[in-house]
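For reference, the chains in residue letters:
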Amino acid sequence: MMRIQVDLSTLAQTQWHDYAVRFLFGGLITTLAGIIAKQLGPGIGGLFLAFPAIFPASATLIEKHEKEKKESLGLKGEARGRIAASIDAAGSSMGSIGLVVFALVVSQFISRGRAWIVLGGATVLWLGVSVAVWQIRKAL
Amino acid sequence: MSQSLVRFIIGGAMVSVFAIIGDVLKPKSFAGLFGAAPSVALATLAMTILSDGSSYAAIEGRSMMAGAIAFFTYASLVSRIMMRYKFRAIWVTLCLIPVWLAVAGGVYYFVWVR
């Protein structure tokens, strides 16, 4: 079984503007989702709760880091950068299955129980389902 | 205006936290799970519950399922294209945003509107 590791050295590779871009896009899409819900109703607004807001910024960052890592060893890094971004996107597609479950739990239980407990439980379920899908995919 | 500012700060912070968690995890495919974290949803739903109540948030949650199905399609396509073709990540991820819009809108229309 593949081991999950925490590598804090990647934080040093990330520059402050990379964090700023993700904060900016995250803030913008959250604000936009609220405005769309106010203007067009919660039905349309709710779609944007699963908008891939920071996906382009994150994929570009991963591609750049991997490319730089290879090039620092004197190798061509473009292909490695692309593959790393592709693998990350495959992981996100598995995480999005968990996101469907998150949305299902919220839609069914948020108005019945304590909202904060439902949100917390839905987040735990998102992680559990995502990890399970990832493990099944790895085992195949 | 002040509510939008609060949404912006909470949304930005939530997205950044999940992004940093994804940054430090290995292998890459596992870290990728956090690219689909419910960060925007948590920030938005928390604000919606406070301002409009939980019934309103339930409708948003229902539509979010369509958005999440679209996210799955979008991320799967990004992964396939990046693996097969020599395109830069920024172009692939941006050019496929209309696919997300079409799938999310399509699922929403055919399941809940029609």
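This text follows the structure it describes.
Before going into details, it helps to say that this report is about the structure given with it. Computed from a predicted model, the values in this text were never measured in an experiment. (Residues numbered from 1 in each chain as written. Chains lettered and ligands numbered in written order. Predicted model: local features only at pLDDT ≥ 70, side-chain atom pairs only at ≥ 80, totals over all residues. Heavy atoms only, no water.)

1. Side note on the overall build of chain A
The cut-off we apply is this: Strands here mean DSSP runs of E at least two residues long; helices mean DSSP runs of H or I at least four residues long; both are numbered from the N terminus. Put simply, the radius of gyration uses C-alpha atoms, and a globule should come to 2.2 Å times the residue count raised to 0.38. Here, residues are in contact when the closest pair of their heavy atoms is within 4.5 Å. Methods summary: accessible areas were calculated by the Shrake-Rupley approach with a probe of 1.4 Å, and residue burial reflects only the protein chains presented.
Scanning chain A from N- to C-terminus turns up 6 helices and 1 strand. Along chain A, helices (α) and strands (β) appear in the sequence β-α-α-α-α-α-α when read from the amino end. Scaling as 2.2 N^0.38, a compact globule of 140 residues should have a C-alpha radius of gyration of about 14 Å, whereas chain A reaches 18 Å, well beyond that. Reported as C-alpha extents along the three principal axes, the dimensions of chain A are approximately 60 × 40 × 25 Å. Pairs at least 24 apart in sequence give 52% of the contacts found in chain A among residues at least 6 apart. Of the accessible surface of chain A, which amounts to about 7,100 Å², a share of 66% is contributed by carbon and sulfur atoms.

2. Observations concerning the nonpolar core
Operational definition: As used in this record, nonpolar core signifies buried Ala, Val, Leu, Ile, Met, Phe, Trp, Tyr and Cys residues forming a set joined through side-chain atoms within 4.5 Å. For every residue, the accessible area (1.4 Å probe, protein chains only) is compared with the maximum for its type, and the residue is labelled buried under 20%, exposed over 50%, or partly exposed between those bounds.
Core analysis: the biggest nonpolar cluster contains 63 residues, and Phe102(A), Ile110(A) and Trp100(B) have the highest contact counts within it. With 13 residues, the single largest contributor to this core is helix α4 (residues 54-84) of chain B. In contact with Trp100(B), other than residues within four places in its own chain, are Leu47(A), Phe48(A), Ala50(A), Phe51(A), Pro52(A), Gly67(B), Ala70(B), Phe71(B) and Tyr74(B).

3. A few points about the pattern of salt bridges
The condition is simple: Salt-bridge detection follows one rule: a side-chain nitrogen of Lys or Arg within 4 Å of a carboxyl oxygen of Asp or Glu.
The final tally for this structure, using the stated rule, is 9 salt bridges over all chains. Between Glu71(A) and Lys67(A) there is a salt bridge whose closest N-O contact spans 3.6 Å. Of the two residues, Glu71(A) and Lys67(A) both sit in helix α4 (residues 55-71), 4 residues apart, roughly one turn of that helix. Owing to a relative accessible area of 40%, Glu71(A) belongs among the partly exposed residues under this scheme. Relative accessible area serves as the criterion here: at 29%, Lys67(A) is assigned to the partly exposed category. Within the structure, one salt-bridge network assembled from shared partners comprises Glu66(A), Lys69(A), Arg80(A) and Lys28(B).

4. Quick look at the environment of Ser54(B)
Residue position: Ser54(B) is located in helix α4. For Ser54(B), a relative accessible area of 23% gives the class partly exposed. Along the backbone, Ser54(B) and Ser76(B) are 22 residues apart, and their C-alpha atoms lie at a distance of 32 Å. Those residues within four positions of Ser54(B) in sequence are excluded, and the remaining contacts are Ile110(A), Ser111(A) and Ile49(B).

5. Things to note about the layout of surface pockets
Using the following cut-off: Note on definitions: the grid is 1 Å and covers protein atoms alone; a cavity is a set of points where a 1.4 Å probe fits but cannot get out; a pocket is an open set with protein on both sides within 12 Å along at least five of seven lines; lining residues have an atom within 4 Å of a point. Grid points are joined across faces, edges and corners, and a volume is the space filled by probe spheres set on the points. Polar here means any residue other than Ala, Val, Leu, Ile, Met, Phe, Trp, Tyr, Cys and Pro, which are nonpolar, and Asp, Glu, Lys and Arg, which are charged; Gly is therefore polar.
When its volume is computed, the largest pocket comes out at roughly 460 Å³. Taken together, 18 residues make up the lining of the largest pocket; nearest its centre are Ala90(A), Ser93(A), Met94(A), Arg137(A) and Ser79(B). Where the lining of the largest pocket is concerned, the elements lending two or more residues are α5 (78-109) and α6 (115-139) of chain A together with α2 (28-31) and α4 of chain B. Residue classes in the lining of the largest pocket are distributed as 9 nonpolar, 5 polar and 4 charged. In this model, the second largest pocket occupies a volume close to 190 Å³. Lining of the second largest pocket is provided by Thr60(A), Glu63(A), Lys64(A), Lys67(A), Glu68(A), Glu71(A), Glu78(A), Arg82(A), Lys86(B), Phe87(B) and Arg88(B). Here the lining of the second largest pocket takes 6 residues from α4(A), the largest share from any one element. The residue makeup of the lining of the second largest pocket, split by class, is 1 nonpolar, 1 polar and 9 charged.

6. So, the packing of aromatic side chains
As a reminder of what qualifies: Note on aromatic pairs: the rings of Phe, Tyr and Trp (six-membered ring only in Trp) are paired at centre separations within 6.5 Å, and the planes decide the class, stacked below 30 degrees, edge-to-face beyond 60, tilted for the rest.
If you walk through the whole model with that rule in mind, you get 14 aromatic pairs over all chains. Both rings, one in Phe55(A) and one in Tyr74(B), keep their centres 5.3 Å apart while their planes meet at 75°; by these two values the pair is edge-to-face. Here Tyr74(B) lies in helix α4 and Phe55(A) lies in helix α4, a pairing that spans two chains. Both residues of the pair, Phe55(A) and Tyr74(B), count as buried. Of the aromatic side chains, those joined through ring pairs into one cluster are Trp126(A), Trp134(A), Phe18(B), Phe30(B) and Phe34(B).

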